[in-house]
Amino acid sequence: MTAHSAIPKMIRMTAEQAMHQALREEFQRDADVMLMGEGVATKRRDLLDDFGAARVRNTPLAEAIIAGTAVGAAASGLRPVIDLLFAPFMTYAMDALVNSAGKLRYLSGGQFRFPLVAIGMTGGGWGVGGQHNHNLEAMFVHAPGLKVVMPATPADFKGLLKAAIRDDNPVLFFADIGLLHEEGDVPVQDDFIVPIGRAAVRRGGEDVTLVAYAKTVNVCMRAAAQLAAEGIAAEVIDLRSLKPLDADSVLNSVRKTGRLIIVHEASGLCGIAAELAALAATHAYANLRAPIMRLTGPDAPAAASWVLEQAAIPTAEAVARAARELVEFMPEPVGLWSSTAKTSLGNPVTKEETTLA
Amino acid sequence: MQAQPNADAALRRLETMQRIRAYELALVELQRAGAPGTCTSVGQEACAVGVVEALDARDRIVSNHRSAGHLIARGAEPRRLMAEVLGRVDGYCGGRSGSLHISARELGVVLTSTIVGGELSMAPGVALAQKMGKGDPGGIVAVFFGDGAACEGIFHEALNLAVLWQLPLLFVCENNQWQAFVHRLETMAETAIADWARGHGLPVETLDGNDVDAVHAAAARAVARIRASGGPAFLELSTYRQRGHFEPDDQAYVDPGELSDWLRRDPIRLYSERLLARGLIDSGGLAALQVRIDAGIAAALAYAQASAWPAPETLTEHVYA
């Protein structure tokens, strides 16, 4: 940054505080913004006091009607934010989010728009088990008409939530439980926005591309630091938005490094990593110098036991190990395929595919 | 008993019911020739006409897959509805909806959902927006649903929230006795849906849904009550789905005795007899009305069939705002 450019004022705060600041600023900026959910008026008492009971509404523990009400309100001129607490509770809200918010703009020929945000917490960190911790973000990526974001830094928690509130489409905002209490520098000017659909390069490198989102961004940053000490330069890309997906940022990096590892806590089957692997294989095949690797959570519910919960999350060591394998990878000579020379990379369902390796 | 409508209003009710019927039956015919099947509202016309006439321009309607009556009663053009059913560009939704989720925002018919219960999930939000000043001042919302939707959990969630938040919302349950292919007496522990609504604290009226004057009078009372109190009200209209769940449906599962009982109480037949008895129309007038309506529907169908197909390259338009 040059000396004369505007230096944004930064304040150190947690991701949770950053989300609250985003809500407060958007409440202040736009009188149509409102908040509904179980306990929102209880937990965010200052918003209730400052903006009134009409805009800050506690609800019954009934996710289907919370979400449905948000859909109806959004189509009628309000900009509701709904806090559904834990992401698995969103399965109760699937009809409203998937069938209504996601489809009724299209099915009506563009007559309605649905500027709403649905917030859900997920991910390992609190030992809450599989009915409170389920990284089901890819389910919503698969639903047309929805946008999906999942930030990794307190600044992005704020900037993406503000962008989501201002977006004219329904946005699913997944908050990684493991990051909520982590601190970071957060810009405090009112117009700070992180655009939806744009990834961030967290660390530059030429040898291997590590793509992650939410808590696995930190995992990859730690892996990149380990690798740097060994002379391997890893580039770390934080997706931030899962839909729309910033394919260009990933592909540009892969074209440079020729090696791609995608890392997320959600299970791998038909997930974000699978999509990125397909994109790279389709659009950057000629640049690939090694097989694409995915490190993901297993196809299993999250366990409550600390050890088992953490075992489901890819580790920096596993990411670094995978990166070393890719850097050392030598393609088989054509026509001389040898099973003994193959690494586990050749098998799409090896243990390396999940963190249970 | 409610006051008799004047001659103009009475004849208008008859004509609108007949237009809905003719529209639905024209689509049934078309289906036999290969057009997409529809969920008809044949037999339920008095519910749509009676309730919608009690609303005015500032009000909103949230409907379901059996929506043609609500739309036509609200003034939707049969030709644009038919174009929609046929998937053509001149349909209300540009052909993307088909028959199942037709909304016409210009008429205040918003957010039609074909998911049974979906209409009940969204209607409180539309009413909340009205209450928070986003709609036309004084406007209320009417949501149409059936006894099938009343068996969804969202029914109770919607009623509870509407009472809790005192939303200007009229719940209109068209109890047509059938939930897809199952009679409601097989699925409900209570015999009256109104009892569930009373349990949630709503003011409730239960009435013959095949008597358009009675429906209109009850709806007008409910609407006045909602405008005065700001809170919700509930109507249970007892009616009958004369045709199958969708077309084609041989209705082999329907008790013929029950069906014939209800056919004797067909809403259009009942109302024609009433108007004949009141001397507001004679048999020649009835025949002339039918000819006029049939001609209008035939012209509407010709319009729809002449309407262009959407261009394939527009496939992904309107996914996002």
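Structure shown above.
1. Quick notes on the interface of chain B and chain A
Item 1. On the side of chain A, 43 residues touch chain B, which itself brings 38 residues to the contact.
Item 2. Of the roughly 3200 Å² buried where chain B meets chain A, counting both sides, 65% is carbon and sulfur surface.
Item 3. In this assembly, chain B and chain A are joined by one salt bridge.
Item 4. For Lys134 of chain B, the salt bridge goes to Asp32 of chain A, with nearest N and O atoms at 2.8 Å.
Item 5. Across the chain B-chain A interface, the total number found is 15 residue pairs in polar contact (both at pLDDT 80 or more).
Item 6. Among the secondary structure elements, those contributing two or more residues to the side of chain B that touches chain A are β2 (109-110), α5 (118-131) and α7 (153-164) of chain B.
Item 7. Top element by residues in the side of chain B that touches chain A is α5 of chain B. It accounts for nine residues.

2. Side note on the sheet that holds strand β9 (residues 200-203) of chain A
Either a parallel or an antiparallel arrangement is found when strands of a sheet pair, and the pairing is made through backbone hydrogen bonds.
Residues and elements named next belong to chain A.
Item 1. With respect to topology, five strands assemble into an open sheet ordered β9-β11-β10-β13-β14, the strand pairing being mixed. Two strands lie at the open edges of the sheet, namely β9 and β14 (293-297), each paired on one side alone. Strand-to-strand twist in this sheet, taken as the mean axis angle between neighbours without regard to direction, amounts to 25 degrees.
Item 2. The pairing of β9 with strand β11 (residues 234-238) spans three bridges and is classified as antiparallel. Each bridged residue has a counterpart across the sheet, and for Val201 the counterpart in β11 is Ile237.
Item 3. On top of the sheet, helix α9 (residues 215-229) reaches β9, β10 (208-212), β11 and β13 (260-267); it is set at about 170 degrees to β11, its chief contact.

3. Quick word on the packing of aromatic side chains
Item 1. Within the structure shown, the criterion is met by 15 aromatic pairs over all chains.
Item 2. Ring centres 5.6 Å apart and planes at 65 degrees place the aromatic pair Phe86 of chain A and Phe89 of chain A in the edge-to-face group.
Item 3. Taking the relative accessible area as the measure of exposure, Phe86 of chain A reaches 13% and is therefore buried.
Item 4. Aromatic rings pair up to connect Phe145, Phe155, Phe171, Trp196 and Phe234 of chain B into one cluster.
Item 5. Here the guanidinium or amino end of Arg88 of chain B rests over the ring plane of Trp309 of chain B, the centre of that ring lying 3.9 Å away.

Thresholds applied
- Residues numbered from 1 in each chain as written.
- Chains lettered and ligands numbered in written order.
- Predicted model: local features only at pLDDT ≥ 70, side-chain atom pairs only at ≥ 80, totals over all residues.
- Heavy atoms only, no water.
- Contact = heavy atoms within 4.5 Å.
- Buried area = accessible area lost by both parts, 1.4 Å probe.
- Salt bridge = Lys/Arg side-chain N within 4 Å of Asp/Glu carboxyl O.
- Polar contact = N/O pair within 3.5 Å; in protein donor to acceptor, adjacent residues only side chain to side chain.
- Helix = DSSP H or I, 4+ residues; strand = E, 2+ residues; numbered from the N terminus.
- Pairing = 2+ DSSP bridges.
- Axes fitted to C-alpha atoms, helices over the stretch in contact; angles between N-to-C directions.
- Phe/Tyr/Trp six-rings, centres within 6.5 Å; stacked < 30°, edge-to-face > 60°.
- Buried < 20%, exposed > 50% of the residue type's maximum accessible area, 1.4 Å probe, protein only.
- Lys NZ or Arg CZ within 6 Å of the ring centre and 35° of its normal.

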